[in-house]
Amino acid sequence: MPTAVQEEWKDGFPFIGNQRILDLLNTKPVLPAGPTELLSDYPAFERWLIASGTVTFAEEKAVLRSWRGSAETQIFLHEVIAFRERLRGAVVRIEGGHLPTDGFLSELNTLLLRHPTHALVCRHGKTLIRQTRDELSQPSDLWTRLAESTAQLIVEADHSRLRQCEACVLHFLDTSKKGSRRWCSMNICGNKLKVAAYQQRRRNP
Ligand SMILES: [Zn+2]
């Protein structure tokens, strides 16, 4: 039977953010060996895109495979990592009760304008639904999904529930009923903190 620890990690990446773009932000965790870049090369990024559900269809996974080794892909990954670090700044600002800077919003709006989402009307059983479509013909087309996820987080998520783990660098959106989540996960940091508090009490009864 899979344990909770396994469910929080998929293909070597933590998925504790409750929002896709936070899971992208969390691809540089602090592991026992120190801060670790999990998007170390394109194959790793390809695995993250699939594990995170950013790319789901078989045809699109084949497109991702066809980009392996291309210079354009390297450049794109480099840009995504740079964006991830600016996103970190925006998320930390929101957690501190501020809106992201105008510079960040302007960068995001440029991405949204350059990589628009197309909404189509499709049959879904006996009903109709609106579905977004975006073609993947070059790596930078993935910006459509990443920028859309970013917009969704900063506009639609409850800012008071956006938090950084009390014990590590991971960020999450607290979707718990009580809204009192403090750790990235009980398995990763919660237990660690509880043990530390217990030892502290034993030392200073
Ligand atoms: Zn943590």
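See the structure above.
Keep in mind that what you see is a predicted model, and the values were worked out from it rather than measured.

The rules behind each value
- Residues numbered from 1 in each chain as written.
- Predicted model: local features only at pLDDT ≥ 70, side-chain atom pairs only at ≥ 80, totals over all residues.
- Axes fitted to C-alpha atoms, helices over the stretch in contact; angles between N-to-C directions.
- Helix = DSSP H or I, 4+ residues; strand = E, 2+ residues; numbered from the N terminus.
- Parallel < 35°, antiparallel > 145°, perpendicular 65-115°, else oblique.
- Left-handed = near helix turned anticlockwise from the far one by under 90°.
- Contact = placed C-beta atoms within 7 Å.
- Nonpolar A, V, L, I, M, F, W, Y, C, P; charged D, E, K, R; others polar.
- Buried ≥ 20, exposed ≤ 12 C-beta atoms within 10 Å, placed from the backbone.
- Pairing = 2+ DSSP bridges.
- Expected span 1.5 Å × (residues − 1).

### Some points on the packing of helix α6 (residues 102-114) against helix α7 (residues 143-156)
Now for step 1: One way to put it is that α6 packs onto α7 with a least axis distance of 9 Å and a crossing angle of 135 degrees. The angle between α6 and α7 falls in the class oblique. Read as a crossing pair, α6 and α7 show a hand that is left-handed. Along the contact surface, α6 presents Leu108, Leu111 and Leu112, while α7 presents Trp143, Ala147, Thr150 and Ala151.
Now for step 2: Partitioned by chemical class, the residues of the contact of α6 with α7 number 6 nonpolar, 1 polar and no charged.

### With respect to the pairing of strand β5 (residues 118-124)
In summary, the side chains of a regular strand alternate between the two faces of the sheet.
Now for step 1: The buried fraction of β5 is low, at 0 of 7 residues.
Now for step 2: Sheet analysis places β5 next to strand β6 (residues 127-133), joined by 7 bridges and oriented antiparallel. In the strand pairing of β6, alanine 119 is matched with threonine 132.
Now for step 3: Linking β5 to β6, which pair antiparallel, is a turn of 2 residues; within it glycine 125 sits at a positive phi near 65 degrees.

### Overview of α6
Now for step 1: Its 13 residues give α6 an end-to-end C-alpha distance of 18 Å, which sits within 8% of 18 Å, the value for a rise of 1.5 Å per residue.
Now for step 2: Where burial is concerned, little of α6 is hidden: 1 out of the 13 residues are buried.

### A few points about unusual backbone geometry
Now for step 1: Even without being a glycine, aspartate 11 presents a positive backbone phi close to 50 degrees.
Now for step 2: Checked against the element boundaries, aspartate 11 lands in the loop between β1 (9-10) and β2 (13-14).
Now for step 3: For aspartate 11, a count of 12 C-beta atoms within 10 Å puts it in the exposed group.
Now for step 4: Positive phi, close to 65 degrees, is recorded for asparagine 18, a residue that is not glycine.
Now for step 5: Tracing the backbone through its elements, the reader meets asparagine 18 in the loop between β2 and α2 (20-25).
Now for step 6: Here asparagine 18 falls in the partly exposed class, since 18 other C-beta atoms lie within 10 Å of it.

### A few points about the environment of aspartate 23
Now for step 1: By the secondary structure assignment, aspartate 23 is in helix α2.
Now for step 2: You can call aspartate 23 buried: it has 24 C-beta atoms within 10 Å.
Now for step 3: Distance in space between the C-alpha atoms of aspartate 23 and histidine 171 is 8.1 Å, their sequence separation being 148 residues.
Now for step 4: Sequence-distant contacts of aspartate 23, defined by excluding residues within four places in its chain, comprise Phe15, Gly17 and Ser52.

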